[in-house]
Amino acid sequence: MIVCHCQVVSDKAIRAEIESGACTVGDVARRCGAGTGARCGGCRPTIGALLAMHAALPAAEPAQPAA
C-alpha cells in the first residue's frame, strides 16, 4: 500500500529501508523520500508506527548447524 502519497512510497519500500538500518523517521525520509513533503507530513506517524513494529519484533537467532 502507498504510505507516502506525496512521494509515492509504499510500505514495502519503507520496510526495506528499516530492514537495511533506518532507525528514525528522518532516516527513512533521507533514504527513500517518504515523509519529506513540505506541505504534508501526514505519513510520518505511519512511518513511526512501522519503525515501532520493527523494533518490537524479536531479533532473529542465527541458525544452528544440524548435529
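The notes below deal with the structure included here. Since this is a predicted model, take the numbers as computed values, not measurements.

1. Considering the packing of helix H2 (residues 25-32) against helix H3 (residues 44-56)
So, step 1. For the pair H2 and H3, interaxial distance at closest approach is 9 Å and the crossing angle is 110°. Relative to H3, H2 is oriented roughly perpendicular. Across the interface between the two elements, Val25, Val28 and Ala29 from H2 touch Arg44, Ile47, Gly48 and Leu51 from H3.
So, step 2. For the contact of H2 with H3, the per-class residue count stands at 5 nonpolar, 1 polar and 1 charged.

2. Topic: the environment of cysteine 6
So, step 1. With respect to the secondary-structure elements, cysteine 6 resides in the loop between strand S1 (2-4) and strand S2 (9-10).
So, step 2. Apart from residues lying up to four places away in sequence, cysteine 6 is in contact with Gly37 and Cys40.

3. Topic: the pattern of salt bridges
So, step 1. On inspection of all chains with the given rule, the structure shows 3 salt bridges.
So, step 2. With a shortest N-O distance of 3.7 Å, arginine 31 and glutamate 17 are connected by a salt bridge. Remark: glutamate 17 occurs in helix H1 (residues 11-19) and arginine 31 occurs in helix H2; sequence separation between them is 14 residues.
So, step 3. Taking relative accessible area as the criterion, arginine 31 reaches 40% and is therefore assigned partly exposed.

4. Concerning the side chain of aspartate 27
So, step 1. Within the secondary structure, aspartate 27 is located in helix H2.
So, step 2. Only 2.8 Å separates the side chain of aspartate 27 from the backbone nitrogen of cysteine 23, close enough to count as a polar contact.
So, step 3. Once residues within four sequence positions are removed from consideration, aspartate 27 is found in contact with Gly21 and Ala22.

5. Digging into the packing of H1 against H2
So, step 1. Packing of H1 against H2 leaves a shortest axis separation of 10 Å and a crossing angle of 110°. Taken as axis vectors, H1 and H2 run roughly perpendicular relative to one another. Handedness of the H1/H2 crossing: right-handed. Each of Ile14, Glu17 and Ile18 in H1 lies in contact with H2, whose residues at this interface are Val28, Arg31 and Cys32.
So, step 2. In the contact of H1 with H2, the residues fall into 4 nonpolar, no polar and 2 charged.

6. Focus on the nonpolar core
In summary, soluble globular proteins display a tendency toward joint burial of nonpolar side chains.
So, step 1. Ile14, Ile18, Val28, Ala34, Ile47 and Leu51 are the most contacted members of the largest nonpolar core, which has 13 residues in total.
So, step 2. Counting residues per element, this core draws most heavily on H3, which supplies 3 residues.
So, step 3. Setting aside its immediate chain neighbours within four residues, isoleucine 18 contacts Val28, Leu50, Leu51 and His54.

The rules behind these values
- Residues numbered from 1 in each chain as written.
- Predicted model: local features only at pLDDT ≥ 70, side-chain atom pairs only at ≥ 80, totals over all residues.
- Heavy atoms only, no water.
- Axes fitted to C-alpha atoms, helices over the stretch in contact; angles between N-to-C directions.
- Helix = DSSP H or I, 4+ residues; strand = E, 2+ residues; numbered from the N terminus.
- Parallel < 35°, antiparallel > 145°, perpendicular 65-115°, else oblique.
- Contact = heavy atoms within 4.5 Å.
- Nonpolar A, V, L, I, M, F, W, Y, C, P; charged D, E, K, R; others polar.
- Salt bridge = Lys/Arg side-chain N within 4 Å of Asp/Glu carboxyl O.
- Buried < 20%, exposed > 50% of the residue type's maximum accessible area, 1.4 Å probe, protein only.
- Polar contact = N/O pair within 3.5 Å; in protein donor to acceptor, adjacent residues only side chain to side chain.
- Left-handed = near helix turned anticlockwise from the far one by under 90°.
- Core = buried A, V, L, I, M, F, W, Y, C linked by side-chain atoms within 4.5 Å.

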